[in-house]
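# A closer look at the structure
Spelled out from the first residue to the last, the chains are:
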Amino acid sequence: MAAVGETAGRRSDRLTSTGSFPSVAPLFTDGPMTDDDRIKLEPSWKEALRAEFDQPYMQQLREFLRQEYAAGKEIYPPGPLIFNALNSTPLDQVKVVILGQDPYHGPGQAHGLCFSVQPGIPTPPSLVNIYKELHRDLNIEIPKHGCLQHWADQGVLLLNTTMTVERANAASHAKKGWEFFTDRVIELVSEHQPNTVFLLWGAHAQSKQKLIDGTKHLVLKSVHPSPLSAYRGFLGCGHFSRTNKFLEQHGLTPVEWALPAL
C-alpha cells in the first residue's frame with residue numbers, strides 16, 4: 001500500500017483544497033468577517049449565509065479559533081477543507097443531508113465531510129457499518145477506502161454540526177459557536193430545497209429534527225452506526241434504498257451510492 005502522503009497526493013485537488021474557493025483560514029485571523037474576499041464559500045452558500053458572519057456567536061467563534069491557531073494547536077480539518085461540505089454541495093443541489101457531530105481528530109483523517117476520511121486512511125468503524133448496511137440494502141460492494149467525496153459531488157450534504165476539532169481531543173470545539181452556524185445551514189436546506197431526505201443517525205443528529213419541515217421532506221432516523229449501537233437498528237434500516245425511492249418518486253436522480261475506486 002502506498003504511503004498516505006503519496007496516495008493523497010495523487011488524488012484530485014478537491015480532496016486537498018477547495019479549488020476556486022481559497023483557504024478559509026483567513027476567516028479566523030484578522031479582518032472583517034463580512035469582507036467578500038475573506039469569506040471563502042461556494043457562491044450560493046456565501047449569499048445564503050452572509051448574515052451569519054455578522055452574528056455575535058461568529059465573532060466569538062472566530063476569536064476562539066484565532067487563539068487556538070496562535071497557541072500552535074493542530075486543528076482539523078486543514079483550513080482549506082473546513083467548509084468542504086458546503087463547497088462540494090451547493091445549496092441548490094442538495095437532495096440528501098447526512099449529519100455528523102464533529103470531525104475525526106486523528107492525523108490525516110478529516111477533510112470536511114462527515115463520516116468520510118481522506119484517501120489512504122483506514123476506514124473508521126462507523127463508516128464500516130455504513131458500508132455493511134449499503135451492502136445489505138443495495139448489494140453494493142464494500143469499498144476499499146473511506147472517502148465519500150463522490151456522494152458530496154452528487155448532492156449529499158455531509159455536514160458535521162461542529163466543523164473543527166483539536167487533534168486528539170474529541171468534541172473540543174463543541175459549543176463554541178459552530179452549532180448556531182450549522183443549525184442555520186440545516187434550516188436553509190429545509191426552507192429552500194424541495195423533497196430532501198434527511199438521514200438522522202443517533203440522538204445528536206435527531207436533536208436537529210426540529211429545524212426540518214417534515215411536511216415536504218423525508219426524515220429517516222435510526223441509532224448511530226457506531227459499533228456500540230449499530231446492531232440496535234442501524235443495520236437493517238434500509239435508509240439508502242428508501243432515500244433513492246423517495247427521490248425517484250419526486251422526479252429527482254437517485255444517489256449512486258457505489259463509490260468508485262481511488
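Relevant structure appears above.
Residues numbered from 1 in each chain as written. Predicted model: local features only at pLDDT ≥ 70, side-chain atom pairs only at ≥ 80, totals over all residues. Heavy atoms only, no water.

Here we take up the overall build of the protein. Broken down by element type, the protein carries nine helices and six strands. Every one of the 262 residues in the protein was classed for burial, and the buried ones make up 52%. For the protein, the share of sequence-separated contacts (at least 6 apart) that also reach a separation of at least 24 residues comes to 68%. Just so you have it, the protein exposes about 11,500 Å², and 52% of that area is on carbon and sulfur atoms. (Helix = DSSP H or I, 4+ residues; strand = E, 2+ residues; numbered from the N terminus. Buried < 20%, exposed > 50% of the residue type's maximum accessible area, 1.4 Å probe, protein only. Contact = heavy atoms within 4.5 Å. Areas by Shrake-Rupley, 256 points an atom, 1.4 Å probe, with all protein chains shown as cover.)

Further remarks concern the pattern of salt bridges. Applying the stated criterion across every chain, the model contains 10 salt bridges. In this structure, arginine 184 and glutamate 191 form a salt bridge, with 3.1 Å as the shortest nitrogen-oxygen distance. Salt bridges linked by common partners bring Glu68, Lys73 and Glu166 together as one network. (Salt bridge = Lys/Arg side-chain N within 4 Å of Asp/Glu carboxyl O.)

Turning to the packing of aromatic side chains, a few remarks are in order. According to the stated counting rule, one finds 11 aromatic pairs in the structure shown. These aromatic residues form a ring-pair network of at least three members: Phe115, Trp151, Trp201, Phe234, Phe240 and Trp257. (Phe/Tyr/Trp six-rings, centres within 6.5 Å; stacked < 30°, edge-to-face > 60°.)

Attention now moves to the environment of lysine 221. Relative to the helices and strands, lysine 221 is located in strand S6 (residues 218-222). C-alpha separation for the pair lysine 221 and tryptophan 201, spaced 20 residues apart in sequence, amounts to 5.7 Å. At 3.1 Å, the side chain of lysine 221 forms a polar contact with the side chain of glutamine 209. (Polar contact = N/O pair within 3.5 Å; in protein donor to acceptor, adjacent residues only side chain to side chain.)

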